[in-house]
Amino acid sequence: MPMIARLTQPRKAAARLLALFSMLWLAACQPMVASGPVSEAQRVTPGAPVKVALLVPAGSNAGADQLLATNLENAARLAIADLGDVEIDMTVYPTAGNPTRAAQAASTAVAEGAQIILGPLYAEAANAAGVAAADAGVNVLAFSNNPTIAGGNVFILGPTFSNTATRLVQYGRANGIDRYVVAYGNDLQGAIGRDAIVNAVNSSGGAVAGTQAYELSQAGVQSAAPRVAETVRGTGATGVFTTAGVNADLPILATALNEAGITPQQARMMGLTRWDAAPQALALPGLQNGLFAVPDTARSRAFEQRYAATYGAQPHPLAGLAYDGIAAIGALAATGRADALTRNALVQSQGFKGTSGIFRLLSNGTNQRGLAVATIRNNQVVILDAAPTSFGRAGF
């Protein structure tokens, strides 16, 4: 049975923020809808509410899933409130984070008239929902960042390794970093990250000087670090690009490479993950002057303040994806076109403005997001190159 949660009463602070926030929020880059085949299920009727199904991981035994479900729904409802003249009729379906439940929810949503599906979160569940909705011609905007499920009627909204790698390599190439050693964890995430880095380097005209996998243990990382250092010295690499996570292998790798004599002057550390996610990491000598990517900090801060003022707590880091999905749906529906929710319409070059900056959906089902390039100096995050505010400008 669908879940429809009751909204809490916005606080006065939220009301004060609303006017400013809305003005800079949902212009959505003035999308231009490309014509294409329209299934009856996804056809938009001008002036009529757009029926959106929100699939969230509620109903599982994991407390984190329930928190995520609540945050995703809250963010989606904030976006609906900001849409102005576009009316969204949103029904929430629990998936318990389970592929079978997700497929059932998607089928039920389509039968109940959903024109587009927002969510679910986990990759297998998103893939199952996409399969269930495909025959009806209903598109799925999943919260996953796993590119292996993207394509067809499934688009992923989560930030991708490919997008981050491309942004950092482009910046690196413009600043003298043209030979890279890739250090990655020996698991699926590490392999996807490695491939993203290698592809970004090759596409930019740079060179991959070597790749080094390591087991995801302290001993595994420490034993691999000397081999990474030897490759750097032997090839003249000017960058060490790693998939390591700040709450896992990154501190060990950064420390071990620093102890092996790899300095920023020799080869700068670069990372696919958010190094600022753990404040204690900012004090690590091995990460000083390294490069990583962050979203548009002003827009992220505005969303966090708005959410906290409305719901009395900081949003989960993934909550903004639900806001982004509603923002894109609303902006496209505002064009008044019957084909506003088709695949061709979703893939439009101008993109949308979301909680962490501009983003657009790509024809392969992945996405591109505007990112800033950051470093760490004196244990503090410093933005070196601001996130672009439109596509076609710096950073793209």
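If you're wondering where the values come from, they're calculated on a predicted model, not measured in any experiment.

Quick word on the pattern of salt bridges
According to the stated counting rule, one finds nine salt bridges in the structure shown. For D82, the salt bridge identified is with R306, shortest N-O distance 2.9 Å. One end of the pair, D82, is in the loop between α2 (63-81) and β2 (88-94); the other, R306, is in helix α9 (residues 297-311), with 224 residues separating them in the sequence. Each member of the pair, D82 as well as R306, is classed as buried.

A few points about the sheet that holds strand β7 (residues 207-214)
Taken in spatial order, the four strands of this open sheet run β7-β6-β8-β9, and their pairing is parallel. The sheet is open, and its two edges are formed by β7 and β9 (268-271), each paired on a single side. Strand-to-strand twist of the sheet, defined as the mean angle between neighbouring strand axes without regard to direction, takes the value 25°. Bridge count between strand β6 (residues 179-185) and strand β8 (residues 239-242): four bridges; the pairing is parallel. What sits directly across from A183, in β8, is T242. Taken strand by strand, helix α5 (residues 161-174) contacts β6, β8 and β9, and its axis lies near 155° from that of β9. Sheet strands in contact with helix α6 (residues 188-204) are β6, β7 and β8, and its direction is about 170° off that of β6.

Concerning the sheet that holds strand β12 (residues 357-361)
Spatially, β11-β12-β13 is the arrangement adopted by the three strands of the open sheet, whose pairing is antiparallel. Where the open sheet ends on each side, the last strands, each with one partner, are β11 (352-354) and β13 (367-369). Between one strand axis and the next, the sheet turns by 35° as a mean value, whatever way the strands run. Across three bridges, β12 lies against β13 in antiparallel orientation. The partner of R360 across the bridge, within β13, is Q368. Helix-sheet contacts for helix α10 (residues 320-333) involve β11, β12 and β13, and the interaxial angle to β11 is about 150°.

As for the environment of D65
Note on placement: D65 falls in helix α2. With 56 residues separating them in the primary sequence, D65 and L121 have C-alpha atoms 9.6 Å apart. Residues within four places of D65 in sequence aside, it is in contact with P57, S60, A96 and Y122. Side-chain polar atoms of D65 contact the side chain of S60, separated by 2.8 Å.

A word on the nonpolar core
Across soluble globular proteins, nonpolar side chains have a tendency to be buried as a group. V52, I88, M90, L141, F143 and I326 are the most contacted members of the largest nonpolar core, which totals 46 residues. By residue number, the principal contributor to this core is α10, which donates 10 residues. For I326, the residues in contact, after removing those within four places along its chain, are V52, A76, A79, I80, L83, M90 and L118. One finds A225, A244, L253 and L282 within the second-largest nonpolar core, a separate group that totals 34 residues.

So, the pairing of strand β14 (residues 372-377)
Moving residue by residue along a regular strand, the side chains alternate between the two faces of the sheet. By the criterion of burial, β14 is predominantly enclosed, with five of the six residues buried. Sheet analysis places strand β10 (residues 292-294) next to β14, joined by three bridges and oriented antiparallel. Within the sheet, the bridge partner assigned to A293 lies in β14 and is V373. Where β14 and strand β15 (residues 380-385) come together, five bridges link them in antiparallel fashion. Bridged to R377 within β15 is Q380. Hairpin connection, β14 to β15: the antiparallel pair is bridged by two residues, and N378 has positive phi, about 50°.

Quick look at the packing of α2 against α9
Two measures define how a pair of helices packs: the angle their axes make with one another and the distance between the axes. Direction vectors running N to C along α2 and α9 enclose 100°, while the axes themselves pass 11 Å from each other. Taken together, α2 and α9 sit at an angle that is classed as roughly perpendicular. Across the interface between the two elements, T70, N71, N74, A75, R77 and L78 of α2 pack against F303, R306, Y307, T310 and Y311 of α9. Class assignment of the residues belonging to the contact of α2 with α9 gives a composition of five nonpolar, four polar and two charged.

Scoring rules and cut-offs
- Residues numbered from 1 in each chain as written.
- Predicted model: local features only at pLDDT ≥ 70, side-chain atom pairs only at ≥ 80, totals over all residues.
- Heavy atoms only, no water.
- Salt bridge = Lys/Arg side-chain N within 4 Å of Asp/Glu carboxyl O.
- Helix = DSSP H or I, 4+ residues; strand = E, 2+ residues; numbered from the N terminus.
- Buried < 20%, exposed > 50% of the residue type's maximum accessible area, 1.4 Å probe, protein only.
- Pairing = 2+ DSSP bridges.
- Axes fitted to C-alpha atoms, helices over the stretch in contact; angles between N-to-C directions.
- Contact = heavy atoms within 4.5 Å.
- Polar contact = N/O pair within 3.5 Å; in protein donor to acceptor, adjacent residues only side chain to side chain.
- Core = buried A, V, L, I, M, F, W, Y, C linked by side-chain atoms within 4.5 Å.
- Parallel < 35°, antiparallel > 145°, perpendicular 65-115°, else oblique.
- Nonpolar A, V, L, I, M, F, W, Y, C, P; charged D, E, K, R; others polar.

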